[in-house]
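Survey of secondary and tertiary structure
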Amino acid sequence: MKIAIGSDHGGFELKTKLIAHLNENGYEVDDCGTYEPKSCNYPEIAKKVADKVAAGEVDKGILCCGTGIGMSLAANKVKGIRAAVVSDAFSTKYTRLHNDTNILCLGERVIGPGLAAMLVDIFLTTEFEGGRHQVRVDMIKELEK
Ligand code: RB5
């Protein structure tokens, strides 16, 4: 499974830790930056990751910023992206089961690296349920037209 990951300065340390976690667990990682903890603009990084996910170049995306919110707002502007910012296991599991989320957004200033790694594991191993939820995801896709 290939994962695109990105962060701004606010999520840089968390991204670094998650890349190590993903590598340790056998995922192929495409690091879309930022590559230094200097201040930068999260929408630029969100677009890099979202474009790769939307084009099918990678299986899923992970975005980190201070809160995860800016990244989710920006990523969700890209057609085909369903990005969710999460900080608990239940929401992470159900956003995969019910929303078929393809990008996970995390806030370095909100949760610790241990919980973040656990949420990433849940996100990457939980399959979409389909069925009645597919109808609803299709309705979201209609909104993009
Ligand atoms: C950067 O200071 C911060 O605004 C950013 O990382 C993010 O939290 C935005 O939503």
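That block above? That's the structure.
Worth saying up front: this structure is predicted, and the values here are computed from it rather than measured.

**Some points on the sheet that holds strand β4 (residues 83–85)**
Read from one edge to the other, the open sheet built from five strands follows the order β2-β1-β3-β5-β4, with strand pairing classed as parallel. The sheet terminates laterally at β2 (28–31) and β4, the two strands that pair on one side only. Pairwise comparison of adjacent strand axes, ignoring direction, gives a mean angle of 25° for this sheet. Sheet analysis places strand β1 (residues 2–7) next to strand β3 (residues 60–65), joined by five bridges and oriented parallel. Residue Ile-3 lies in a different strand from β3, and its bridge partner there is Lys-60. Strands in contact with helix α2 (residues 42–54) are β1, β2, β3 and β5 (103–107); relative to β3, the strand with the most contacts, it is inclined by about 170°.

**Quick look at the nonpolar core**
Counting residues in hydrophobic clusters, the biggest one holds 21 residues, and the most contacted among them are Leu-18, Leu-22, Ile-62, Leu-106, Val-120 and Leu-124. Of all elements in the fold, only β1, α1 (12–24), β3, β5 and α5 (113–125) reach the threshold of two or more residues within this core. In terms of residues, this core owes the most to one element, α5, which gives seven residues. Residues Cys-32, Ala-46, Val-49 and Cys-65 belong to the second largest nonpolar core, which totals 18 residues.

**Some details on α5**
Taking 1.5 Å of rise per residue, the 13 residues of α5 would be expected to cover 18 Å, and the 18 Å separating its terminal C-alpha atoms lies within 8% of that figure. When α5 is considered as a whole, its buried residues turn out to be Ala-116, Ala-117, Leu-119, Val-120, Ile-122, Phe-123 and Leu-124. Structurally, α5 contributes buried residues whose contacts are with β1, α1, β3, α4 (89–97) and β5.

**Description of a nonpolar patch on the surface**
Taken together, the side chains of Ile-69, Leu-73 and Val-85 define a hydrophobic patch exposed on the protein surface, amounting to about 260 Å² of accessible area. Relative to the assigned elements, Leu-73 resides in helix α3 (residues 69–75).

**Considerations on the site of the ligand**
Taken together, Asp-8, His-9, Gly-10, Tyr-42, Cys-65, Gly-66, Thr-67, Gly-70 and Arg-109 make up the full set of residues near the ligand. A distance of 2.6 Å separates an oxygen atom of the ligand from a polar atom in the side chain of Asp-8. Taken by itself the ligand offers 290 Å² of open surface, and the protein chains cover 71% of this. Per-class residue counts for the shell around the ligand are two nonpolar, five polar and two charged.

Parameters at a glance
- Residues numbered from 1 in each chain as written.
- Predicted model: local features only at pLDDT ≥ 70, side-chain atom pairs only at ≥ 80, totals over all residues.
- Heavy atoms only, no water.
- Pairing = 2+ DSSP bridges.
- Helix = DSSP H or I, 4+ residues; strand = E, 2+ residues; numbered from the N terminus.
- Axes fitted to C-alpha atoms, helices over the stretch in contact; angles between N-to-C directions.
- Contact = heavy atoms within 4.5 Å.
- Core = buried A, V, L, I, M, F, W, Y, C linked by side-chain atoms within 4.5 Å.
- Buried < 20%, exposed > 50% of the residue type's maximum accessible area, 1.4 Å probe, protein only.
- Expected span 1.5 Å × (residues − 1).
- Patch = residues over 30% accessible without salt bridge, like charges linked within 9 Å, V, L, I, M, F, W, Y side chains within 5 Å.
- Areas by Shrake-Rupley, 256 points an atom, 1.4 Å probe, with all protein chains shown as cover.
- Salt bridge = Lys/Arg side-chain N within 4 Å of Asp/Glu carboxyl O.
- Near = heavy atom within 4 Å.
- Polar contact = N/O pair within 3.5 Å; in protein donor to acceptor, adjacent residues only side chain to side chain.
- Nonpolar A, V, L, I, M, F, W, Y, C, P; charged D, E, K, R; others polar.

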